[in-house]
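Structure assessment
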Amino acid sequence: MDKGDVIWRLAELASFDYQSRYIIGGTKDEYRLTSELLQDVFDIDRIINLAAFRTEFSRHQLDALQDLHCFLDQNFDAAMAGDTREEHYNNIRHGTAWADLRAKAATALNLLGVDPHQLTVDDIDRLSD
């Protein structure tokens, strides 16, 4: 994982359009599991805590990534809430935890020099290459 991977994973989390296409409206061939998306955020924290990797980020960037990780850690159950698929998807659309996760990911992206509001779903897909 490198800085580009961090940006890609944050972009997926910051984008409701991405979540709408791949989680809410995902097809059997193109989908993203919510749990995988959130696990990727946990993985960012694990990786940036390696001494060699931390040097790629400023103190403000690391603080924003840590803030996102702590928020997700405290709100994971709320983000995964929903007994039915429709309740779960409604949570992604309207839930406070998801809105806050997207906002925190957007803040981290801004600090990394990426404007999340300018990224389309196709742009995010290209980040994975």
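Up top is the structure.
Residues numbered from 1 in each chain as written. Predicted model: local features only at pLDDT ≥ 70, side-chain atom pairs only at ≥ 80, totals over all residues. Heavy atoms only, no water.

1. With respect to the nonpolar core
- Counting residues in each nonpolar core, the largest one holds 40 residues, and the members touching the most others are Val6, Leu10, Leu13, Phe57, Leu65 and Leu101.
- Of all the elements in the fold, those that place two or more residues in this core are helix H1 (3-14), helix H2 (16-24), helix H3 (34-48), helix H5 (59-79), helix H6 (85-94), helix H7 (96-111) and helix H8 (121-127).
- Excluding anything up to four places from it in sequence, leucine 65 contacts Val6, Leu10, Ile44, Ile48, Phe57 and Ala108. (Core = buried A, V, L, I, M, F, W, Y, C linked by side-chain atoms within 4.5 Å. Buried < 20%, exposed > 50% of the residue type's maximum accessible area, 1.4 Å probe, protein only. Helix = DSSP H or I, 4+ residues; strand = E, 2+ residues; numbered from the N terminus. Contact = heavy atoms within 4.5 Å.)

2. Let's talk about the packing of aromatic side chains
- Following the criterion strictly, the structure yields three aromatic pairs and no others.
- For the ring pair tyrosine 18 and tyrosine 22, a centre distance of 4.9 Å and an interplane angle of 50° mean the geometry is tilted. With tyrosine 18 and tyrosine 22 both in helix H2, this residue pair falls four residues apart, about one helical turn.
- Here phenylalanine 53 and phenylalanine 57 contribute two aromatic rings whose centre-to-centre distance is 5.3 Å and whose plane-to-plane angle is 55°, an arrangement assigned as tilted. (Phe/Tyr/Trp six-rings, centres within 6.5 Å; stacked < 30°, edge-to-face > 60°.)

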